[in-house]
Amino acid sequence: MHIRPFQLSDEAAVVDLWQRCDLTRPWNDPHKDIQRKLQVQPELFLVGEIDGKLVASAMAGYEGHRGWVNYLAVCPEQRQQGLARQLMAYIEEQLLALGCPKLSLQVRDTNAAALAFYERLGYKVDASVSLGKRLIADD
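Note that this is a predicted model, so its numbers are computed, not measured.

Colleague: I would appreciate a short explanation of the overall build of the protein chain in the present structure.
Modeller: In terms of regular secondary structure, the protein chain is built from four helices and five strands. Secondary structure elements of the protein chain occur, N-terminal to C-terminal, as β-α-α-β-β-β-α-β-α. Its C-alpha atoms give the protein chain a radius of gyration of 15 Å, near enough to 14 Å, the size a compact globule of 139 residues would have. Its C-alpha atoms put the protein chain at 40 × 35 × 30 Å along the principal axes. Burial statistics for the protein chain: of 139 residues in total, 39% are counted as buried. Of the charged side chains in the protein chain, 16 are positive and 18 negative; the average position of the first set lies 4 Å away from that of the second.

Quick look at the structure:
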């Protein structure tokens, strides 16, 4: 898989991938999320291609304290081939190069497959509670 930064021409394919992977929610407009990411560390908005076809994506970032990963997605037909593992290794390498000491991510507690995947990569459940407050409504 070839990993590269997102390009504007990828938007429709990325949103379609996120929808097929059940990552979108009514309260998060994926197009707005893309536009927001392009304003902050756009080089860490990554896509993976095989034979020119977009098959994976992830939004990563580092704010000086810890790194984050959002929207990690692999085309359902391309799963179980190590693509998500490859993308996460690339992200970890990029964040480490920035001096990032810790990488965090959030997984819905109902997504057992994703939780198991991250555990296999060495991620552990942190003893913390994720809180959120919507500052800008997407609806």
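Colleague: Sorry, what's going on with the nonpolar core here?
Modeller: Nonpolar side chains in soluble globular proteins generally cluster together in the buried interior. Val14, Trp18, Ile34, Leu72, Leu87, Met88 and Ile91 are the most contacted members of the largest nonpolar core, which totals 38 residues. Of all the secondary-structure elements, those providing two or more residues to this core are helix H1 (11–20), strand S2 (45–50), strand S3 (53–62), strand S4 (67–74), helix H3 (83–97) and helix H4 (112–120). No other element matches the seven residues that S3 contributes to this core. If near-sequence neighbours (up to four positions away) are discounted, Val14 is found in contact with Phe6, Ile34, Phe45, Val47, Leu54 and Ser57.

Colleague: Can you help me understand the UniProt feature "domain: N-acetyltransferase" (unreviewed entry) in the protein chain in this one?
Modeller: Those places that UniProt annotates as "domain: N-acetyltransferase" (unreviewed entry) correspond, in this numbering, to residues 1–139. Across residues 1–139, helical content stands at 30% and strand content at 22%; the span's end C-alpha atoms are separated by 35 Å.

Colleague: I keep staring at the packing of aromatic side chains and nothing clicks. Help me out?
Modeller: The description of an aromatic ring pair rests on the distance of the ring centres and on the angle between the ring planes. Throughout the structure, instances matching the rule amount to five aromatic pairs. Here the aromatic rings of Phe117 and Tyr118 are separated by 5.0 Å at their centres, their planes lie at 65°, and the arrangement is edge-to-face. Neither Phe117 nor Tyr118 differs from the other in exposure class; each is buried. Residues Tyr118 and Tyr123 carry aromatic rings whose centres are separated by 5.8 Å and whose planes lie at 80° to one another, so their mutual orientation is edge-to-face. Taken as a pair, Tyr118 and Tyr123 share a single burial class, namely buried. In textbook terms, an aromatic cluster arises when at least three aromatic residues are bridged by ring pairs, as seen for Phe6, Trp18, Phe45 and Tyr71.

Colleague: Explain unusual backbone geometry to me, please; I cannot follow it from the model alone.
Modeller: If a residue is not glycine, its phi is most likely negative; likewise, a peptide bond is most likely trans. The phi dihedral of Asp51 is positive, around 50°, even though this residue is not glycine. Summarising the element assignment, Asp51 is placed in the loop between S2 and S3. The exposed category is assigned to Asp51, whose relative accessible area is 81%. Positive phi outside glycine occurs at Tyr71, with the angle close to 55°. Along the chain, the position of Tyr71 falls in strand S4.

Calculation rules
Residues numbered from 1 in each chain as written. Predicted model: local features only at pLDDT ≥ 70, side-chain atom pairs only at ≥ 80, totals over all residues. Heavy atoms only, no water. Helix = DSSP H or I, 4+ residues; strand = E, 2+ residues; numbered from the N terminus. Rg over C-alpha atoms; globule rule 2.2 N^0.38 Å. Buried < 20%, exposed > 50% of the residue type's maximum accessible area, 1.4 Å probe, protein only. Lys, Arg positive; Asp, Glu negative; His and termini not counted. Charge placed at Lys NZ, Arg CZ, Asp CG, Glu CD. Core = buried A, V, L, I, M, F, W, Y, C linked by side-chain atoms within 4.5 Å. Contact = heavy atoms within 4.5 Å. UniProt positions renumbered as here; feature names shortened; annotations may be inferred. Phe/Tyr/Trp six-rings, centres within 6.5 Å; stacked < 30°, edge-to-face > 60°.

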